[in-house]
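Examining the three-dimensional arrangement
Each chain is listed here by its residues.
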Amino acid sequence: MAVVKNTDDSLTGIPTIYQCNSDGRQNDTVAADLDGTLLVGRSSFPYFALIAFDVGGIFRLLLLLAAAPLAGLLYHFISESAGIRVLVFATFAGVKVSDIESAAAAVLPKHYSEDMHPDTWRVFRSCRRKCVVTANPRIMVEPFLKNYLGVDDVLGTEISSYMGVATGFVGGDTAVLVGENKAVALRGTFGNNMPDIGIGDRLTDLPFMKLCKEKYMVPARPGVRPVRKEALPKPVIFHDGRLVGKPTPLTALLIVLWFPIGVLLSLLRVFSCWLSDKSALSYYIMNLLACPIKIKGTPPKNPSSSGGSGGGGVRGRGVVFVCSHRTALDAAVVSACLRCITTITISYSAAAKLIGRKILDEGKSLVMFPEETTCRGPYLLRFSPVFSELSDQIAPVAIAVKTSMFNGTTARGYKWLDPFFFYMNPFPAYEVTFLNKLSPEQTCSYISSGRKSSGHQVIANNVQKMIAQSLKYEATDFTRRDKYRALVGSDGHV
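A brief report on the enclosed structure follows. What you see is a predicted model; the values in this text were computed from it and never measured. (Residues numbered from 1 in each chain as written. Predicted model: local features only at pLDDT ≥ 70, side-chain atom pairs only at ≥ 80, totals over all residues. Heavy atoms only, no water.)

1. Side note on the overall build of the chain
To keep it simple, the criterion reads: Under the scheme used here, helices are H or I runs from DSSP no shorter than 4 residues and strands are E runs no shorter than 2 residues, and both carry numbers assigned from the N terminus. Type-normalised accessible area, obtained with a 1.4 Å probe on protein chains alone, sets the label of each residue: buried when under 20%, exposed when over 50%, and partly exposed for intermediate values. By the convention used here, residues are in contact when the closest approach between their heavy atoms is within 4.5 Å.
Counting secondary structure elements, the chain contains 18 helices and 14 strands. Taken across its 494 residues, the chain has 53% of its residues classed as buried. The contacts in the chain between residues at least 6 apart in sequence include a share of 75% that link residues at least 24 apart.

2. Some remarks on the state of the cysteines
This is how it is decided: Note on terminology: pairs of cysteine sulfur atoms within 2.5 Å are recorded as disulfides.
For the structure on display, the rule yields zero disulfides. Left unpaired, Cys212 is separated from the closest cysteine sulfur, that of Cys131, by 8.6 Å. For Cys323, which is in no disulfide, the shortest distance to another cysteine sulfur is to Cys337 and amounts to 9.7 Å.

3. Here's the deal with the pairing of strand β1 (residues 29-32)
For a regular strand, side chains alternate in direction, first toward one face of the sheet and then toward the other. Put simply, the rule is: Here the rule is simple: two strands pair whenever DSSP picks up at least two bridges between them.
Here β1 shows no split at all, with Thr29 and Ala31 on one side and Val30 and Ala32 on the other all buried. Pairing between β1 and strand β2 (residues 129-137): four bridges, direction parallel. Among the inter-strand pairings, Val30 is bridged to a residue of β2, identified as Lys130. As paired strands, β1 and strand β5 (residues 197-200) are joined by three bridges and run parallel to one another. Note on β5: the bridge partner recorded for Val30 is Ile197.

4. With respect to helix α3 (residues 80-92)
So the rule is basically this: One fewer than the residue count of a helix, multiplied by 1.5 Å, yields its expected span.
With 13 residues, α3 should reach 18 Å at 1.5 Å per residue; the first-to-last C-alpha distance of 18 Å fits that figure. Burial runs high along α3: eleven of the 13 residues are buried. All of the buried residues along α3 are Glu80, Ser81, Ala82, Gly83, Ile84, Val86, Leu87, Val88, Ala90, Thr91 and Phe92. Close packing links the buried residues of α3 with α2 (45-77), α4 (97-106), β2, α7 (138-148), β3 (153-162) and β4 (165-171). Downstream of α3 by one or two residues, Gly94 has phi in the positive range, about 80°.

5. Quick notes on the nonpolar core
Basically, it comes down to this: Note on terminology: a nonpolar core comprises buried Ala, Val, Leu, Ile, Met, Phe, Trp, Tyr and Cys residues joined through side-chain atoms within 4.5 Å.
Phe92, Tyr112, Met116, Met140, Leu145, Leu149 and Phe406 are the most contacted members of the largest nonpolar core, which has 76 residues in total. In terms of nonpolar packing, the next biggest core, distinct from the first, is built from 28 residues, Val367, Ile399, Phe422 and Val432 among them.

6. Some remarks on the environment of Ala395
Positionally, Ala395 belongs in strand β12 (residues 394-402). Given a relative accessible area of 1%, Ala395 falls into the buried group. With residues near it in sequence (within four places) discarded, Ala395 still touches Pro300, Val319, Val320, Phe321, Val322 and Lys437.

7. Considering the sheet that holds β4
Formally: Here, axes are lines fitted to C-alpha atoms. For helices the fit covers the stretch in contact, and angles between N-to-C directions go from 0 to 180 degrees.
On the basis of which strands lie adjacent, the open sheet formed by six strands has the order β4-β3-β2-β1-β5-β6 and mixed pairing. With one partner strand each, in any of the chains shown, β4 and β6 (214-217) form the two edges of the open sheet. The average undirected angle you get between the axes of adjacent strands in this sheet is 30°. Against the sheet, α3 engages β2, β3 and β4, with an angle of about 175° to β4. Sheet strands touched by α7: β2 and β3. Its angle to β3, the strand with the most contacts, is close to 140°.

8. Let's talk about the side chain of Ser272
Considering the arrangement of structural elements, one finds Ser272 in helix α10 (residues 249-276). Ser272 sits in the buried class, given a relative accessible area of 13%. Among residues more than four places away in sequence, those in contact with Ser272 are Ile285, Met286 and Leu289.

9. Notes on the pattern of salt bridges
Note the cut-off: When a carboxyl oxygen of Asp or Glu lies within 4 Å of a side-chain nitrogen of Lys or Arg, that pair is called a salt bridge.
Here the structure, examined in full by the defined rule, presents 23 salt bridges. Linking Asp153 and Arg129 is a salt bridge whose minimum nitrogen-to-oxygen distance equals 2.9 Å. Pair noted here: Asp153 is in strand β3 and Arg129 is in strand β2, with a separation of 24 residues, a long-range link. Given a relative accessible area of 16%, Asp153 falls into the buried group.

This is how it looks when you write it as structure tokens:
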């Protein structure tokens with residue numbers, strides 16, 4: 001639902017945000033609108049669509065898409081409030097409030113952070129106390145604004161609920177926060193001590209802007225480049241949700257039309273992958289089914305049976321392939337790339353380590369994912385040092401995936417659907433880069449120094465940095481536990 005730039009005469013004479021001086025604002029208070037003001041995008045439809053698909057799947061997205069023309073008609077020709085009410089009802093009616101809160105905290109921050117207006121953010125961040133006044137439901141925007149931007153006050157539309165389930169209607173004393181309702185909400189929060197700066201982008205923002213000592217408009221300009229993520233106070237490392245991008249009404253329609261085709265294609269791809277069962281045949285089958293696997297580098301071969309490294313028989317003779325973790329299909333893909341080498345994937349329990357040593361002693365390979373969970377975006381989680389305890393034959397493997405429509409991982413949804421969602425993309429692609437195997441100096445020197453515990457972790461850190469450098473990712477100290485605490489509120493144990 002696009003928002004047309006308002007050219008009402010009452011907006012003339014108001015300075016633009018480009019004219020606002022951000023120096024010396026450390027004691028000031030700022031109040032700003034969200035869509036088209038703090039964000040570059042002037043439409044809230046993509047964020048409603050992200051929530052709709054997350055809480056209700058394709059049918060909820062279809063309902064929102066069907067309601068979008070009515071919402072747009074009401075928004076532009078009747079009232080902004082009526083248009084927002086339609087979007088709220090189509091997205092939230094019958095959904096548990098806890099599910100909405102979870103989706104708002106885990107799905108939306110990544111997309112909001114990629115759309116920050118540079119000049120509004122320049123002024124906004126320079127002030128001591130920050131307030132956002134928006135017609136969007138507060139439950140949608142508050143997690144991002146408070147947790148990632150450090151906003152002090154979030155004034156938004158309240159949704160009504162009954163016994164923990166959203167009714168689809170708006171609640172609160174001021175209903176939808178547009179026009180004069182924004183001014184009422186601002187008075188209720190600040191009393192007589194009104195903000196120093198008011199920033200908006202349309203006529204319905206004027207009532208609250210007039211209460212501020214200074215007011216600035218954000219004109220609609222094409223080609224505005226959002227703020228770089230490095231300029232924000234806190235990066236969004238962990239995020240969830242099945243949709244890759246922000247769906248406009250057109251892309252939402254394409255998703256709905258593609259979905260049944262994608263389901264059938266995914267079943268074919270998953271079934272074919274299962275039949276080939278990590279064999280060399282699966283490499284060719286996936287390429288044939290428009291799932292290309294690009295291989296870079298040359299995987300090392302297992303050392304001969306007489307080439308052990310000593311260490312009292314504890315250190316195995318097989319190769320441990322240490323991989324970054326993108327989807328649940330990583331093990332099958334790496335195995336297919338290795339072709340004729342037998343590979344087994346193990347977990348990190350004590351019993352699994354014993355099995356792993358036995359497998360390596362037999363001259364077979366292990367594929368291990370020391371992050372212990374998948375991670376999206378250009379980040380690597382901290383590596384567990386278990387792989388360095390099993391063998392000194394360590395081969396780092398950098399894995400990258402490309403998807404255009406659906407994410408093949410989830411922390412909050414049904415994990416057994418991960419492979420299906422990945423293969424529902426029109427052209428999902430893998431890139432597997434085999435890096436040089438670690439030299440004896442890179443594996444044995446730390447262990448022989450007598451600092452076994454710290455030495456294993458140093459090896460793990462070095463391998464993490466090698467893979468991160470190859471992928472141009474950032475190596476972090478975050479762990480599986482941090483991911484699940486951020487997205488689910490648990491330690492991730494099942």
